[in-house]
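Okay, here's what each chain looks like letter by letter:
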Amino acid sequence: MNRSIVLIALASANLALPVRAPAAGQPLLIENVTVLSPEQAQPRGNRYVLVRDGRIATVSERPITAPDARKLDGAGKFLTPGIMDGHVHVSDAVGLPPGSTDAGIAAMEKQFLKQQPRSYLYFGVTQVVDLINRPDRVAEFAAQPQHPDTFRCGVAPVVDGYPLVFFDPATRYSQFNDYIYEPANAREHPLPKGANPAEHTPEAVVERIAKTDAICVKITLEDGFGDRNDWPVMSMDTLRRVRAATKKQGLLLVVHANALDMQRKAVEGQVDVIAHGLWNWNELQNQPGVPAAIADHLRSIRDAKIGYIATLRVIPGVTELLDPTLLDDPVFAKVVPPAILKWYRTEPAQWFKTEIFGPKPDAAGILGGMRAANEHWATSENGVRALRHLYELGQPLLLGSDTPSAPTYGNQPGYDTFKEMRMMSQAGIPLSAIFAAATINNARQYRLEKDFGSIETGKIANLLLLDANPLASVDAWSRIDKVILRGEPIERDSLAAD
Ligand SMILES: [Zn+2]
């Protein structure tokens, strides 16, 4: 799968995206509700929650009198913070061929981008962090009338490195300027002709990103997928300079790394967040259990307090394309506009599936072969074992779906966040740890806990009113009565694509 992540025409537009102030709408009073907030060990029953000016004003055991407030009856329901997905990409319309000039595709792309923020909200995702993006598309996402609070990283790949490797070498550097020149790769990957070396030092690139609205810098430690292992990566020396520069500029450092050797570099470089799970164990790939070297590495992540986003959905999001019943799942209709869902069933829509698996793939044969070979990209098993081990070591887990990790219609906004939570649960992670991952842990790791992550006075009122208890069943995260966005209650059904 050497094209598993096709990204995203990277643009260097410099759009400021300030965090909006909460709306000053009518106050909201949620009465007699069970409050679940991750910093509390126990649910608190029969609570009264008052929201004013888009923020939580009071959480009380006693009824609150607020004649000017709209009232919501919370009897029998559960109030939680909204979900934060710490690894998304909102620039691309999922499954559509990138760079197409076809008018029909362009029309579908418009529809997708309009629905996308609502699909996240449909699954209770009220904050997203986009780790690689086109800033203009992030701004478009956040300009929709109903959208999650939106944060982004600026991406700083090395010359010819991932993800630039997917772009036409003739034009990649006219589209994208925030690349870092890596002297260690100078012979095979020199600075592009005409570029000014002073603008492509780690310090200069990080400083440019710091002048945008980005909260983080994303770098990539990736030497290739599948049969490729020759993409240039950053040296330790450059990584240390990027680390120093991000600290100086007050930016978080997030790294793409899913292989043992690459994640070891990330730990040595003291990054803030590793944006993928450890599913490529290099020469330990087919070892049973958790080999000592893997356990040592995971312990080093915990000890350094580095965030770890398991992204269990990356591989199933691609392999599910082999399932002929995938699109029969009625939930797709809730998050995909009808015309696009219809198009997904057509022959041209199978372009990515064909690219990965060839024409007319024998699904059973391919999946069986993958399992037999335990190919690192073909099974989530190693990633699942690594996640469970990290949890047992006491690591505070994070939630991130990497939607879409590739142009596969198997990864849909919002629905995939939910599926990631479901996979964590199937992996044996307790529901309380999944709850914390989706809320307070993500907020802390991205330094957003002043505004998000718990139901406490002063925080932004991005909340979910659920019909079932998410500490009793992971499916409760899909039993949403209302999404409350900055104090505005929204009926879930009104967010659906159909
Ligand atoms: Zn990603």
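The structure we're discussing is the one just above.
Note that this is a predicted model, so its numbers are computed, not measured.

Participant: What is the right way to read the side chain of Asn185 from this model?
Facilitator: Summarising the element assignment, Asn185 is placed in the loop between helix H3 (172–175) and helix H4 (202–210). Ignoring any residue separated from it by four or fewer positions in sequence, one finds Asn185 in contact with Val158, Pro190, Pro232 and Val233.

Participant: Could you clarify how one ought to interpret the coordination of the zinc ion in this entry?
Facilitator: Around a metal, the idealised angle for a tetrahedral arrangement of four donor atoms is 109.5 degrees; for an octahedral arrangement of six donor atoms it is 90 or 180 degrees. Coordination sphere of the zinc ion, protein contribution only: His87 (NE2), His89 (NE2) and Asp402 (OD), at 2.0 to 2.2 Å. The motif formed by the donor residues of the zinc ion, counted along the single chain, is H-x1-H-x312-D. Overall, the relative accessible area of 1% leaves His87 in the buried class. Residue classification places His89 among the buried residues on the basis of a relative accessible area of 4%.

Participant: Please clarify how the pattern of salt bridges should be interpreted in this entry.
Facilitator: Two side chains carrying opposite charge are able to pair once their charged atoms lie near each other. In total, this model carries 29 salt bridges according to the counting rule given. For the salt bridge of Arg55 with Asp451, the shortest nitrogen-to-oxygen distance reads 2.8 Å. Here the residue Arg55 occupies a position in strand S3 (residues 55–60), and Asp451 occupies one in the loop between helix H15 (431–445) and strand S13 (463–466), the gap between them amounting to 396 residues. Assessed through its relative accessible area of 25%, Arg55 is described here as partly exposed. Measuring nitrogen to oxygen at the nearest pair gives 3.1 Å for the salt bridge that ties Glu268 to Arg240. A residue pair is termed long-range when its members are at least 10 positions apart, and Glu268 in helix H6 (residues 260–268) and Arg240 in helix H5 (residues 236–249) qualify at 28 residues. Three or more residues joined by partner-sharing salt bridges are found here, namely Lys77, Asp467, Asp481, Lys482 and Glu491.

Participant: Teacher, can you tell me more about the nonpolar core here?
Facilitator: Formed by 106 residues in total, the largest nonpolar core has its most connected members in Ile219, Leu298, Tyr308, Tyr344, Met424 and Trp477. Ranked by residue count, the leading element in this core is helix H1 (residues 103–122), at 7 residues. Within the second largest apolar cluster, 17 residues are counted, among which are Met84, Cys153, Ala275 and Phe452.

The rules we used
Residues numbered from 1 in each chain as written. Predicted model: local features only at pLDDT ≥ 70, side-chain atom pairs only at ≥ 80, totals over all residues. Heavy atoms only, no water. Helix = DSSP H or I, 4+ residues; strand = E, 2+ residues; numbered from the N terminus. Contact = heavy atoms within 4.5 Å. Donors = N, O, S within 2.8 Å, 3.2 Å for Na, K, Ca; no water. Buried < 20%, exposed > 50% of the residue type's maximum accessible area, 1.4 Å probe, protein only. Salt bridge = Lys/Arg side-chain N within 4 Å of Asp/Glu carboxyl O. Core = buried A, V, L, I, M, F, W, Y, C linked by side-chain atoms within 4.5 Å.

It is worth stressing that arrangement in space is one thing and function is another; only the former is reported here.
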